[in-house]
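A look at the structure
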Amino acid sequence: MTQPASKSYRRFEEEKVQAEFVRNKLKLRSLEAKQSLFGKYPHVEKFFADRNLDLSKIREHSAKIITAGALTGSLLFTPPLLAVKVPALANIVKSLSDFEVKPPETSPQETILSSFMQILPQKVGPLDRTQEKTLEQVFKENIGINAKATLEGEHLNSTYGYIGAEQHLARFPGDNVYDMAPGLGAWGYVPADNEKWYAVVQTLYLPDWNSRQPFLQNWYKYRKVLIVNTMNGNAIVADIADAGPAAWTGKQFGGSPEVMDYLGGPRYKKGPVIMFFVDDPNNQVPLGPVDYNKVDASGLTLVQT
Amino acid sequence: MSKLFFDHLIVFEEIERKIKKTASSKEEREELWGLIDEVTTHKVLEKVLDKLPRAHHEEFLELFHKCPHDEITIFAYLKDKAGKSIEDDLKRDLKNLEKDLLKLFG
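What you see is a predicted model, and the numbers here were worked out from it, not measured in a lab. (Residues numbered from 1 in each chain as written. Chains lettered and ligands numbered in written order. Predicted model: local features only at pLDDT ≥ 70, side-chain atom pairs only at ≥ 80, totals over all residues.)

A few words on the overall build of chain B. Along the backbone of chain B there are five helices and zero strands. Reading chain B from its N end, one meets helices and strands in the order α-α-α-α-α. Seen along its three principal axes, the alpha-carbon backbone of chain B occupies a region of about 45 × 25 × 20 Å. When each of the 106 residues of chain B is scored for burial, the buried share is 41%. Relative to all contacts within chain B whose residues are 6 or more apart in sequence, the contacts with residues 24 or more apart total 73%. (Helix = DSSP H or I, 4+ residues; strand = E, 2+ residues; numbered from the N terminus. Buried ≥ 20, exposed ≤ 12 C-beta atoms within 10 Å, placed from the backbone. Contact = placed C-beta atoms within 7 Å.)

Listed by partner, the interface residues are 48 residues for chain A and 44 residues for chain B. When contributions to the side of chain A that touches chain B are tallied by element, the ones reaching two or more residues are helix H1 (5-40), helix H2 (42-50) and helix H3 (58-72) of chain A. A total of 16 residues in the side of chain A that touches chain B trace back to one element, the largest contributor, which is H1(A).

The next point concerns the packing of helix H6 (residues 108-119) of chain A against helix H7 (residues 129-142) of chain A. All names here are of chain A. Viewed as axis vectors pointing N to C, H6 and H7 meet at an angle of 175 degrees, and their least axial separation amounts to 10 Å. Taken together, the axis directions place H6 and H7 in an arrangement best described as roughly antiparallel. Facing H6, whose interface residues are Pro108, Thr111, Ile112, Ser115 and Ile119, H7 presents Gln131, Thr134, Leu135, Val138 and Asn142. Split into classes, the residues belonging to the contact of H6 with H7 amount to five nonpolar, five polar and no charged. (Axes fitted to C-alpha atoms, helices over the stretch in contact; angles between N-to-C directions. Parallel < 35°, antiparallel > 145°, perpendicular 65-115°, else oblique. Nonpolar A, V, L, I, M, F, W, Y, C, P; charged D, E, K, R; others polar.)

Here the focus is the nonpolar core. Core analysis: the biggest nonpolar cluster contains 94 residues, and Leu226(A), Ile227(A) and Ile36(B) have the highest contact counts within it. Here this core gets eight residues from one element, more than from any other, and that element is helix H2 (residues 26-51) of chain B. Split by domain, this core shows at least three residues from each of two domains, domain 1 (8-52) and domain 2 (58-294) of chain A. Residues contacting Leu226(A), with those up to four places away along its chain left out, are Phe139(A), Ile145(A), Ala147(A), Ala235(A), Val237(A), Phe276(A) and Val278(A). (Core = buried A, V, L, I, M, F, W, Y, C linked by C-beta atoms within 7 Å. Domains from an automatic or database assignment.)

This part is about the environment of Leu127(A). Residues and elements named next belong to chain A. Position of Leu127 relative to the elements: it lies in the loop between H6 and H7. Along the backbone, Leu127 and Ala149 are 22 residues apart, and their C-alpha atoms lie at a distance of 9.8 Å. Ignoring anything within four residues of it in the chain, the contact list for Leu127 reads Glu132, Thr159 and Tyr160.

Residues and elements named next belong to chain A. Burial analysis of strand E9 (residues 270-278) places seven of its nine residues in the buried class, which makes it a mostly covered element. With two bridges connecting them, strand E1 (residues 147-148) and E9 associate as antiparallel partners. Across the sheet, the residue bridging to Lys148 is Phe277, located in E9. Pairing of strand E4 (residues 160-165) with E9 involves five bridges; the strand directions are antiparallel. By the bridge assignment for E9, Tyr160 is matched with Ile274. Bridge count for strand E6 (residues 224-229) against E9 is five bridges, and the pairing is antiparallel. In the sheet register, Val228 faces E9, and the bridge partner there is Ile274. (Pairing = 2+ DSSP bridges.)

So, about the environment of Thr230(A). All names here are of chain A. Relative to the helices and strands, Thr230 is located in the loop between E6 and strand E7 (235-243). For the pair formed by Thr230 and Asp179, sequence separation is 51 residues and the distance between their alpha carbons is 26 Å. Those residues in contact with Thr230 that lie beyond four places of it in its chain are Phe116, Leu120, Pro272, Val273 and Ile274.

All names here are of chain A. On strand E5 (residues 198-201), burial covers both faces: Tyr198 and Val200 on one face and Ala199 and Val201 on the other are all buried. Pairing analysis gives four bridges linking E5 to E7, with the strands arranged parallel. Pairing of Tyr198 across the sheet is with Asp239, part of E7. Pairing between E5 and strand E8 (residues 253-255): three bridges, direction antiparallel. The partner of Ala199 across the bridge, within E8, is Gly255.

Let us look at the packing of helix H1 (residues 13-22) of chain B against helix H5 (residues 87-103) of chain B. All names here are of chain B. Running from N to C, H1 and H5 point in directions that differ by 20 degrees, and their axes come no closer than 9 Å. By the angle class used here, H1 and H5 are roughly parallel. Between H1 and H5 lies a crossing of left-handed hand. Touching Glu14, Ile15 and Lys18 of H1 are Glu98, Leu101 and Leu102, all from H5. When grouped by side-chain class, the residues that make up the contact of H1 with H5 number three nonpolar, no polar and three charged. (Left-handed = near helix turned anticlockwise from the far one by under 90°.)

Residues and elements named next belong to chain B. Residue-level pLDDT values for chain B average 93, and 99% of them are 70 or greater. Across chain B, helix H3 (residues 57-66) holds the top mean pLDDT of 97, while H1 sits lowest at 90. Confidence estimates for the predicted assembly give a pTM of 0.83 and an ipTM of 0.95. (pLDDT = per-residue confidence, 0-100.)

Here we come to H1(B). All buried positions along H1(B) are accounted for by Ile15(B), Glu16(B), Ile19(B) and Thr22(B). Viewed along the axis of H1(B), the buried residues span an arc of 130 degrees, placing them on a single side of the element. (Arc of directions from axis to C-beta.)

Residues and elements named next belong to chain A. Within the element layout of this structure, Asp242 appears in strand E7. Overall, the presence of 24 C-beta atoms within 10 Å leaves Asp242 in the buried class. For the pair Asp242 and Gly255, spaced 13 residues apart in the sequence, the C-alpha separation amounts to 9.6 Å.

Once that is clear, we can look at H5(B). Residues and elements named next belong to chain B. With 17 residues, H5 extends 25 Å between its outermost C-alpha atoms, agreeing within 8% with the 24 Å of an ideal straight helix rising 1.5 Å per residue. Turning to H5, its buried residues number three or more, namely Leu90, Leu94, Leu97 and Leu101. Viewed along the axis of H5, the buried residues span an arc of 60 degrees, placing them on a single side of the element. Opposite the packed face of H5, turned more than 90 degrees from it, sit the exposed residues Asp88, Arg92, Asn96, Lys99 and Lys103. (Expected span 1.5 Å × (residues − 1).)

If you want it as structure tokens, here you go:
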């Protein structure tokens, strides 16, 4: 279904005016918020000025601190009880795949869910490197996909967070299907092969996003990720086609309608997932659902549904 | 990961929908997201300081600077110094802020 060109153009013009209008009002509101805070509490302005930190850039500052903490292995977010267990995490994979403790009838999906219970923190949030490494092994052994939290030195803004439902992205000018996003993807029109199983990640909050361009733009473009629903173990390989969602939505990732449908069914709008990069230098891992109950544990066979 | 200690109190889904409908490019969308973020951060800080005795402001700011993401540490500190949990109050303030910001979209 397409619209007449004149109607589309009029709509485009109206939207442009509306966007400009909203942007100006938001800028004004932002200025008012700053004046209100610093007017009432001038010592706050001085505090941040003394540290050469712009409060508007506090998310970048936070990202740097979290990244540094994760690299040094400090368990900033982990409840103390779990922190005590962490040294034993490396043994989890071994014990999970050990015949003596894993009855033969245990499916890989059950094994994955059981390992989530042991590895993941109680609240959805950042993982440290030990937890991520353990999950990499669990995924390789049970799902059969070589997925990495850090690939070629790059790490997502989040690896354990909430995914939310996104709309379809335009594949070409005039594309108009049901549930279509009004704007384009992060890299413009999305090739049809990439659109069906696409993911959205918060590249905009990466601490070095602005300073490492255009390298990061190219690196993330249609990069494959493994998404695993931590509630039911459903796994899918998707490619990154857009940036977002905003930090204040309570979500860290997005998924195309097809991705969300596979992860949790037609009514699934938001839920906790793990998202890692797929290490696929020869482009052999196809996009789409991973039916890993039919995958051998050595990771040699990949069955695509 | 970028996280602020009050993120779990904010779910501006309606604003997110409005921005998606309004912005026609990634750049435009991210600019609007950033502006919402700026307003929210400044407002939250103001509301927190309103509830905290002046004598503890610098200490709180040091804590916020040191671990802006750590909701457990920061809210525990605020509860201790303000004499009560301020999370519910903050949640209410943020709900009002969301209503206020939604009006900007007409």
